[in-house]
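Report on the structure
Read off the chains here:
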Amino acid sequence: MSKKISRRQFIKFTAGTATAAGVAPKLHRMLQEPFVHPPEDLLPGQATWYASTCRQCSAGCGIIVRVINGRAKKIEGNPLYPLNRGKLCARGQAGLQALYHPDRLRNAVRQTGGRGSRQFEPLYWDEALDLLAEKIGSLSDPGRLAVLGGLLPDHLYRLLSLLLDSLGSPPPVTFDLHSALEGRGAAARLAQLTLGSAELPVYDLEGADVVFSFGANFLETWMSPVAQSLAYGNMRQGPFGGRGFLVQFEPRLSATAASADRWIPLRPGTEGFVALALGRIIVEERLGHAGSHRPHAALYQDVDVTEMAEASQVPIETLRQLAQLFADAEHPVAIPGGSLAGQQNGGPGMLAVQALNRVVAQFGRVGGVFLSSPGPSGALRRTAKADSFSSVQDLIGRMKAGEVDLLLVVGANPVFELPSAAGFAEAIERVPYVVCFNSFVDETGARADLILPDHTYLESWGYQVPHPGADRPAVSSQQPVVRPVHDTRASADVFLALASRLGGRPAEVLPWPDEVSFLEETVRELHGSSLGAYTADTPAGFFALWRQYGGWWSEKELPLEPEVPDPGAQPLPIVPPLFEGNQQTYPFHLYPYPSVALSDGRGAALPWLQETPDPMTTARWGTWVELNPEAARSLGVEDNDIVRVISPYGELEAPVVVFPGIQPEVVAIPVGQGHTDYGRFAQQRGSNPMDLVAPVVDSESGSLAWGATRVRLEPTGRKQALARLESLDGAGRETLG
Amino acid sequence: MAQAAKPSAEPGRRWGLVVDLDRCTGCQACVVACQAENNVPVAGEKQAGYGRWMHWIIIHRYWEGEYPNIKARFMPVMCQQCDEAPCEPVCPVFATYHNPEGLNAQIYNRCIGTRFCGNACPYKVRTYNWFRPEFPAPLTEQLNPDVTVRSRGIMEKCTFCIQRIRRAELDARAQGREVADGEIQPACVQTCPPEALIFGDLNDPESRVSQLARSRRSFRLLEELGTDPGVIYLKGGETNA
């Protein structure tokens, strides 16, 4: 409705019309012809639901979107899809705001005032593609082209890999902070070592009666939080009346730990020690009923329980109780999580946790560890691996050495997500031409010469193989639920158009005219499988059903027991954690953690997610520093006092939240804020803890050891009222304000 | 007034919501789902800094104990849809009234913004539009056409997604059948990942909510006030047995 018409004018107007209608002579009856005929399948006010895939994180939940008159109104979980069964998290619900965000890029742009000037000039797509083709064509050596990707959709990763391969360029390097914080790379490596497969395992929470989670915040952001929450609910109040027991081991009481029956605080990097001590006690004291522990004795021969207890600060008595609990359980399971993986001893630590599952013989048993069966979806499973941080460091090295002439950044925001000490922002200055494919001008886009905005996921085609998977082979399909809101173009289509422009080998390897024909051909591999929940006579019919139902999955459950390779009698490695910064100057451990709402920062552009309170602190719209009450007292600071957090690599300022659920030597800061670009709701708000993080890796998997930095705190004497739901009036800690 | 029951409402029902605190993980999915479904505006950083919010569901977090033996507990609180609602008798313009299905309804067109209802509510679940809500274009494209966008000076609160109740009832009537138990799902119930929220008719003794309401874990918020809420909580940390 026009804002210009006041209520009074409206009444005058309608009264006038009514009078005119009353006095008019009887008119000749004629069918009214509308200016535009709506499509036949469009009923005004009637909703149409389209099935697609959520891309707010890497879990790959199936969604259905309510569309009225061509506008997307509401996202819900796809009730048929076996992974999330109709459920969706806060980030998934907020996806509509990414689609209709006021600050999205509306067309291809070129940065004219030099990098960082943020002066953009619109370009026609043909011009933009010519420009990109010319840049690739004029490379002196195809090896001087580099691609950095984020959470790439499976089909885009395949197309991109084919293109780069045909050009003779190195394959895409992928990095995203969300995957690094959940330890995805380290988990894949662990699965390779202990389960003989790079598939990420599924921990059967629903069937378990005792769950030991070592830093896996599986109800918030870790791996597949919706599927895990669903299983958690059934573990708590399942159909058979039992109630599972959850113990969470981590330095900070996360929302997952809040849901646990016991939270065991420990020193960062000692999760593995606790697992070793528990294993040693079980084997040595012959606890439980899983048969002989003799084959496991060698694993723990070097473990000294007293030492482990001292290093982790978990009392021996507690360890003994927990060992008894775990061993006596019918279906126990131990989960190696993200906070464990973010340490320089992440690999050995995760190995120690997985060894607990071996000791109680829970591989392939109810409530234990399973793999997802790929079924006939094998061909679609050529998924983008989360590359290790070391490969990103290699790329940064090449960029700094001037060995990269053209950098394509696809679905990633490395300037924001990488530790600033890794030097990406400096390295990108050495690259003569940078092309970015994100839908927003983010921190990386502001340093690009050319931005070719991709559609948002609700306007895109694709598919996703969940990883870790469901209890059966499953692939979810992705289709546009509305027509593109702006003049954006699918990155897959851009690469296909590029290949045909370049001609020669790229055009041969990528013969598809567009993304959809590529998908049709790929999806055909699933057609005719006897496992499928539906069948179709023709490939075209199958493709229609694939879009209608939101993917393909097996009708029956098909859990896959891992074929566990023989570990031999090697004792488990005992590797103490290492930290950057010495203990005298930097007395605290920095613990950056993913925010439930903003995850690694990609949610920061959406006002709904900014407004969502952090479950533990009830804080919104900002960055804060969590301190144990004891540590706060010793520093002489209280809630809302701004402190300066200094690491050997950088510093930031943020208000304090006195947080009773944190180990006294640990300082926790949520990741996600501190954007300088990325739209009006994200920018100039809070600080980015990645500015503090040391660019060190877990030596085993090469993944970023984001928890291995020490910091010190300095009170600034200033205050900032952090937006919190919880009232700080009086001594009470009531939530209502 | 009650005898002239609206034909779309089904008398004899009492809609109720069960919140299983043993399943709730405090994940905030319900909060955002509600915001998307009901055109709930965003308060913004400045107003949030004053402790204001516009959400229809607030997840309370309570601490118990001291480090290291500390526990945090979550409790989602939305309008309790009381049968003896303290907000109803205080409204001078009958903007908040009791509908024949036991819902505590808010009629935005009548509301003149006295905020008496918000004062009277012991659960603090009513939010007031102090400002004109802003939806910078094209965010307006997302607004749900089934739900009125409230303007400045209007009190609002959880409606149990009355638009979804009506749609299910009308669909059922068009097909000549009764609404099945579990067919109506408010947005929060629909999305809740651990299935902590269950919606249904408390007057039907066979419905899932009625069965759960009879559990020995069940309690209602501030029961001693005699408000007779339609939201039933199930205590966490134990089984029904």
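Residues numbered from 1 in each chain as written. Chains lettered and ligands numbered in written order. Predicted model: local features only at pLDDT ≥ 70, side-chain atom pairs only at ≥ 80, totals over all residues.

Along chain A, the regular secondary structure elements total 24 helices and 26 strands. Over its C-alpha atoms chain A spans a radius of gyration of 27 Å, differing by no more than 12% from the 27 Å that the globule rule assigns to 737 residues. Taking the principal axes of the C-alpha coordinates as reference, chain A spans close to 100 × 65 × 65 Å. The proportion of buried residues among the 737 residues of chain A is 59%. Taking contacts inside chain A between residues at least 6 apart in sequence as the whole, the part at least 24 apart equals 74%. (Helix = DSSP H or I, 4+ residues; strand = E, 2+ residues; numbered from the N terminus. Rg over C-alpha atoms; globule rule 2.2 N^0.38 Å. Buried ≥ 20, exposed ≤ 12 C-beta atoms within 10 Å, placed from the backbone. Contact = placed C-beta atoms within 7 Å.)

On to the overall build of chain B, then. Across its full length, chain B carries six helices and ten strands. Here chain B has a C-alpha radius of gyration of 18 Å; the compact-globule value for 241 residues is 18 Å, and the two agree. If one aligns the C-alpha atoms of chain B with their principal axes, the spans along those axes are about 50 × 50 × 35 Å. In chain B, which comprises 241 residues, the share counted as buried stands at 44%. Put simply, of all contacts in chain B between residues at least 6 apart along the chain, 60% involve residues at least 24 apart.

Residue and element names in this part refer to chain A. With twelve residues, helix α19 (residues 491–502) should cover 16 Å at 1.5 Å per step; its first-to-last C-alpha distance of 16 Å lies within 8% of that length. Within α19, the full set of buried residues consists of S491, A492, D493, V494, F495, L496 and A499. Residues of α19 that are buried in the fold lie against α4 (125–137), α5 (154–167), β14 (406–410), α20 (504–509) and α21 (515–523). Of the residues flanking the end of α19, it is G503, one or two places downstream, whose phi is positive at about 70 degrees. (Expected span 1.5 Å × (residues − 1).)

A cis amide bond links H467(A) with the next residue in sequence, P468(A), at an omega value of 10 degrees. Checked against the element boundaries, P468(A) lands in the loop between β17 (462–464) and β18 (474–478). P138(B) follows A137(B) through a cis peptide bond whose omega is 0 degrees. Secondary-structure assignment places P138(B) in the loop between β6 (127–128) and β7 (155–156). Residues other than glycine seldom take positive phi values, yet R85(A) does so here, at roughly 45 degrees. Tracing the backbone through its elements, the reader meets R85(A) in the loop between β3 (71–77) and α2 (90–93). According to the C-beta neighbour criterion, R85(A) is partly exposed, with 18 such atoms within 10 Å. For M223(A), which is not glycine, the phi torsion reads 55 degrees and is therefore positive. Along the chain, M223(A) turns up in the loop between β9 (210–214) and α8 (225–236).

Let us now look at the interface of chain B and chain A. A common way to express how large an interface is: the accessible area buried when the components associate. Between chain B and chain A, the contact holds 51 residues from the first and 58 residues from the second. Of all the elements in the fold, those that place two or more residues in the side of chain B that touches chain A are α1 (29–37), α2 (44–49), β2 (58–66), β3 (69–77) and α5 (187–191) of chain B. Considered class by class, the residues forming the side of chain B that touches chain A number 29 nonpolar, twelve polar and ten charged. (Nonpolar A, V, L, I, M, F, W, Y, C, P; charged D, E, K, R; others polar.)

Before going further, it helps to examine the pairing of strand β1 (residues 15–20) of chain B. Residues and elements named next belong to chain B. Judged by how many residues are buried, β1 sits mostly within the fold: six of six residues are covered. Alternating residues of β1 divide into W15, L17 and V19 and G16, V18 and D20, and every residue in both groups is buried. Both β1 and strand β8 (residues 197–201) contribute to a ladder of five bridges, which runs antiparallel. The partner of G16 across the bridge, within β8, is G200. One ladder, built from four bridges, connects β1 with strand β10 (residues 231–234); its direction is parallel. Residue pairing in the sheet places V18 in a bridge with I232 of β10. (Pairing = 2+ DSSP bridges.)

Time to look at the environment of P133(B). All names here are of chain B. Tracing the sequence through the fold places P133 in the loop between β6 and β7. P133 sits in the partly exposed class, given 17 other C-beta atoms within 10 Å. In the structure, P133 is positioned 40 residues away from R173 in sequence and 36 Å away in space, judged by C-alpha atoms.

The next thing to look at is the sheet that holds β17(A). Residues and elements named next belong to chain A. An order of β17-β18-β19 is seen for the three strands of this open sheet, with the pairing classed as antiparallel. A strand with exactly one partner marks an edge of an open sheet, and here the two such strands are β17 and β19 (551–553). Between one strand axis and the next, the sheet turns by 20 degrees as a mean value, whatever way the strands run. Here three bridges tie β18 to β19, and the two strands are oriented antiparallel to one another. Looking at the pairing, V475 lines up with W552 of β19. (Axes fitted to C-alpha atoms, helices over the stretch in contact; angles between N-to-C directions.)

Residues A277(A), L278(A), F326(A) and V667(A) are the most contacted members of the largest nonpolar core, which totals 293 residues. Looking at which element gives the most residues to this core, the answer is helix α10 (residues 271–284) of chain A, with nine residues. (Core = buried A, V, L, I, M, F, W, Y, C linked by C-beta atoms within 7 Å.)

Further remarks concern the sheet that holds β8(B). An order of β8-β1-β10-β9 (chain B) is seen for the four strands of this open sheet, with the pairing classed as mixed. Two strands close off the open sheet at either side, each with one partner strand: β8 and β9 (218–219) of chain B.

Reading predicted coordinates in detail is not appropriate for stretches of low pLDDT. Looking at chain A as a whole, its pLDDT mean stands at 90, while 93% of the residues score no less than 70. In the model, residues 731–737 of chain A has pLDDT below 50 throughout and makes 15 contacts with residues more than four positions away in sequence or in other chains. (pLDDT = per-residue confidence, 0-100.)

Moving on: the packing of α10(A) against helix α12 (residues 305–312) of chain A. All names here are of chain A. Contact pair α10 / α12: the axes reach a minimum separation of 9 Å and the direction vectors enclose 150 degrees. Judged by the angle between their axes, α10 and α12 are roughly antiparallel. The way α10 lies across α12 gives a crossing that is left-handed. Contacts between α10 and α12 involve F273, V274, L276, A277, R280 and I281 on the former and, on the latter, V305, M308, A309, A311 and S312. For the contact of α10 with α12, the residue count by class is nine nonpolar, one polar and one charged. (Parallel < 35°, antiparallel > 145°, perpendicular 65-115°, else oblique. Left-handed = near helix turned anticlockwise from the far one by under 90°.)

What follows deals with the confidence of the model for chain B. Residue and element names in this part refer to chain B. Looking at chain B, the pLDDT average stands at 91 and 95% of residues meet or exceed 70. Across residues 1–8, confidence stays below pLDDT 50; counting only partners more than four residues off in sequence or on other chains, it has six contacts. In the model output, the complex is listed with pTM 0.92 alongside ipTM 0.94.

As a further point, take the domain arrangement of chain A. Residues and elements named next belong to chain A. Split into domains, chain A comes out as domain 1 (44–100 + 462–484 + 540–557), domain 2 (109–176 + 386–454 + 489–511), domain 3 (185–372) and domain 4 (588–719). On a C-alpha basis, the centres of domain 1 and domain 3 stand 32 Å from each other. On the side of domain 3, eleven residues touch domain 1, which itself brings 14 residues to the contact. When its residues are assigned to classes, the side of domain 1 that touches domain 3 shows nine nonpolar, three polar and two charged. (Domains from an automatic or database assignment.)

A few words now on the packing of helix α7 (residues 184–195) of chain A against helix α15 (residues 346–359) of chain A. All names here are of chain A. Look at α7 against α15: their axes get within 10 Å of each other, and the N-to-C directions meet at 50 degrees. On the basis of their axis angle, the class for α7 and α15 is oblique. Pair α7 / α15 crosses with right-handed handedness. Counted together, A186, R189, L190, L193 and T194 of α7 and G346, G347, M350, L351 and Q354 of α15 form the full contact between these two elements. Looking at the contact of α7 with α15 residue by residue, the class counts come to five nonpolar, four polar and one charged.

The next subject is the pairing of β9(A). All names here are of chain A. Counting buried positions along β9 gives five out of five residues, so the element sits mostly inside the fold. Both faces of β9 are covered, namely the face carrying V210, F212 and F214 and the face carrying V211 and S213. Pairing of β9 with strand β12 (residues 332–336), which is carried by five bridges, proceeds in the parallel orientation. The partner of F214 across the bridge, within β12, is P336.

This part covers the environment of A90(A). The residue A90(A) is located in helix α2 in this model. Along the sequence, A90(A) and L598(A) sit 508 residues apart, while their C-alpha atoms lie 9.6 Å from each other. Beyond its immediate stretch of four places on either side in the chain, A90(A) contacts V596(A), A597(A), L609(A), T612(A), C27(B), Q28(B), A29(B), V31(B) and V32(B).

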